[in-house]
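Spelled out from the first residue to the last, the chains are:
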Amino acid sequence: MRYILNREEMQTVDAYTIEELGIPSMVLMERAAMAVADRLFHYMADRVATDPVRVLVVTECGNNGGDALAVARILQEAGWQTDIFQIGGIQKESEQYRQQKKILERLGIPVHTEIPDEAMGSWEQAHYDIILDGIFGVGLHRDIQEPQRKVIEYLNQLTGYKCAIDMPSGIDSTDGRLLGIGFRADLTVTFGCEKTGQLIGAGPEYCGRVIIADIGFPKQALAQVTPGCYCYERKDLKRLPVRNITGNKGTFGRVTVIAGSAEVCGAAVLCAGAAYRTGCGLVEVITHENNREAVNQLLPEALLHVYSTREEAEQAVQQSADRADIMVVGPGIGTDEIGQALTAKALAAACPLIVDADAITILSRQEAWWKQRHTTIPAGTEATGKEDLHLIITPHMKEMERISRIPMKQLKQDPWGSARSLAQTGAVCVLKDARTVVALPGEQACYMNRSGNDGMAVGGSGDVLAGILAALAAQGLPLGETARLGVYLHGLAGDRAAEQNGHYGMLAGDIIEGVVYILKEYDKHSREVQ
């Protein structure tokens, strides 16, 4: 697990490191500069050319600009040709920037302190290999004005490889908002921890690839903040349920999947198939009579119960609830009378429940829907422990807008705050987006997922996630851990699917195959270690 910090949290870590622990800011700056230079050396390592590498470095006179000056010095010393321009829109130079500038002067490396229009016009003809953004760092939270705006416009038009130091200028490091205009980076080298604004809003589009560089922030400094976000890494797969070598199909849990309708079949197959492939022992599918043949052919392992009328649907759910370790309701069930009946019966069941897809839309039309749960935690009451968690709800952004009444713009700017708000109903909230957020009742910190890719933006991907979550919970994971780990595993499986099929050609079923691969590799490694 690693932390993801917002602007204020990162500034606290930086200030504590310098002011309380006494590590000089120039030491951190030199480490940061070397980290950026190393990445640029790596990028250009395979370049075959007789001419030296040409680099355009553009700064303002704060500490982000000081980082850029130090990078320019390192590159120049390595034989690269660096052209350095200080915009000069800010009158006061920081102490660290001034020191870096003096070092360059003593080395005879010029810093151009004015950028007339004709200078910017010449940048395109210079054919720079690298364009380095040292204008603003993580601290910016106002719209960019002139003269920096015009300079960034010119930089974005250049064809060289664009690198941002810590944060692309013009992107809010907390919520990823575009502050009027932003530097479009191919690479962002960020320091200490990833920033929340690099993962949401315009952040991913403008950051390009993000590399986290360790520049020496001590653990004691990081302990001064309580980060609002964290993510999982490969080593967190050790959180997966342990397989009992003497177990049977009952040992590994029983999942009920209430999915599909008279017109929709695939959601049931995908959800149930993902549950089986994630390790549960038994999957019972409740779906419409029209889907009998398809489910039997595509997933013969499933225990199948079909209905034709509302009464039959309600009876099937009620009977299954007594046997299930967890139920999933919603994928493809529709929002008609039968879909509403299925959702109501599932919500009244005694077993834990995952509410997904159409069931979320149905509940969004009801006031205080969470009070229908028999073990309801009243709104505004914090959970006292994992045993209180009995419900996972998995809205995508549009469904979240419906059920929370929070406008889409606000959801995009503050997904973790919005997820925490929904979690106060007593449900674990899995807010699905390019970077899915998980919030638990009573917890301030949110999980933000870092696995996955744009190829997963395909119909059925959410059905697969619901099945993964159900299987993990059926095998004994608490629902909070189920949500975090399930989302992470789903993303890893999507990354594997992208390797095999590419981002354009991925199907939801490919994600299930990715789950098989990830779990097989993990299982093989864990058994070898034992």
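Coordinates for the structure precede this section.
How each quantity is defined
- Residues numbered from 1 in each chain as written.
- Predicted model: local features only at pLDDT ≥ 70, side-chain atom pairs only at ≥ 80, totals over all residues.
- Heavy atoms only, no water.
- Helix = DSSP H or I, 4+ residues; strand = E, 2+ residues; numbered from the N terminus.
- Rg over C-alpha atoms; globule rule 2.2 N^0.38 Å.
- Contact = heavy atoms within 4.5 Å.
- Areas by Shrake-Rupley, 256 points an atom, 1.4 Å probe, with all protein chains shown as cover.
- Salt bridge = Lys/Arg side-chain N within 4 Å of Asp/Glu carboxyl O.
- Buried < 20%, exposed > 50% of the residue type's maximum accessible area, 1.4 Å probe, protein only.
- Pairing = 2+ DSSP bridges.
- Axes fitted to C-alpha atoms, helices over the stretch in contact; angles between N-to-C directions.
- Polar contact = N/O pair within 3.5 Å; in protein donor to acceptor, adjacent residues only side chain to side chain.
- 1 Å grid on protein atoms, 1.4 Å probe; cavity = no way out; pocket = protein on both sides within 12 Å on 5 of 7 lines; lining within 4 Å.
- Points joined across faces, edges and corners; volume = space filled by probe spheres on them.
- Nonpolar A, V, L, I, M, F, W, Y, C, P; charged D, E, K, R; others polar.

**Quick look at the overall build of the protein**
Part 1 of the argument: Of regular secondary structure, the protein possesses 19 helices and 19 strands.
Part 2 of the argument: Computed over its C-alpha atoms, the radius of gyration of the protein comes to 27 Å, within 12% of the 24 Å expected for a compact globule of 530 residues.
Part 3 of the argument: Its C-alpha atoms give the protein principal-axis dimensions of about 85 × 50 × 45 Å.
Part 4 of the argument: Across the protein, every contact between residues at least 6 apart in sequence was considered, and the portion connecting residues at least 24 apart equals 73%.
Part 5 of the argument: When the accessible surface of the protein is split by element, carbon and sulfur atoms take 47% of a total near 22500 Å².

**Some details on the pattern of salt bridges**
Part 1 of the argument: Tallying each qualifying case throughout the model produces 28 salt bridges.
Part 2 of the argument: As a salt-bridge pair, Glu30 and Arg73 come within 2.6 Å of each other at their nearest N and O atoms. In this pair, Glu30 is assigned in helix α2 (residues 25-43) and Arg73 in helix α3 (residues 63-77), connecting sequence segments 43 residues apart.
Part 3 of the argument: Residue Glu30 is classed as partly exposed on the basis of its relative accessible area, which comes to 27%.
Part 4 of the argument: Residue Arg292 is joined to Glu289 by a salt bridge in which the shortest nitrogen-to-oxygen separation is 2.9 Å.
Part 5 of the argument: The class for Arg292 is partly exposed, based on a relative accessible area of 37%.
Part 6 of the argument: For Glu289, a relative accessible area of 30% corresponds to the partly exposed category.
Part 7 of the argument: Linked through salt bridges whose partners overlap, the residues forming this network are Arg7, Glu8, Asp172, Asp175 and Arg177.

**Some points on the sheet that holds strand β19 (residues 446-448)**
Part 1 of the argument: Strand order in the open sheet formed by twelve strands is β8-β1-β10-β19-β18-β17-β16-β15-β14-β11-β12-β13, and the pairing between neighbours is mixed. Sheet topology places β8 (194-195) and β13 (303-307) at the edges, where each strand pairs with a single neighbour.
Part 2 of the argument: Where strand β1 (residues 2-5) meets β8, two bridges bridge the pair, whose relative direction is parallel. What sits directly across from Ile4, in β8, is Glu194.
Part 3 of the argument: Contacts from helix α11 (residues 310-321) reach β11 (254-258), β12 (282-288), β13 and β14 (326-329) within the one sheet, and its direction differs from that of β12 by about 170°.

**Focus: the environment of Met34**
Part 1 of the argument: Topologically, Met34 is positioned in helix α2.
Part 2 of the argument: The exposure class of Met34 is partly exposed, given its relative accessible area of 38%.

**So, helix α12 (residues 337-347)**
Part 1 of the argument: What α12 keeps buried is the set Ile338, Gly339, Ala341, Leu342, Thr343, Ala346 and Leu347.
Part 2 of the argument: The opening residue of α12, the one whose side-chain oxygen lies 3.3 Å from the backbone nitrogen of Ile338, is Asp336.

**Some details on the layout of surface pockets**
Part 1 of the argument: Roughly 950 Å³ of volume is contained in the largest pocket.
Part 2 of the argument: Where the lining of the largest pocket is concerned, the elements lending two or more residues are α7 (203-207), β9 (209-213), α17 (461-474) and α18 (479-501).
Part 3 of the argument: Among the elements that take part in the lining of the largest pocket, α17 stands out by supplying four residues, more than any other.
Part 4 of the argument: Residues of the lining of the largest pocket, tallied by class, amount to 13 nonpolar, 16 polar and eleven charged.
Part 5 of the argument: Put simply, the second largest pocket is a space of about 670 Å³.
Part 6 of the argument: Broken down by secondary-structure element, the contributors of at least two residues to the lining of the second largest pocket are α1 (7-20), α2 and α3.
Part 7 of the argument: Residue composition of the lining of the second largest pocket, grouped by class: 14 nonpolar, eight polar and five charged.

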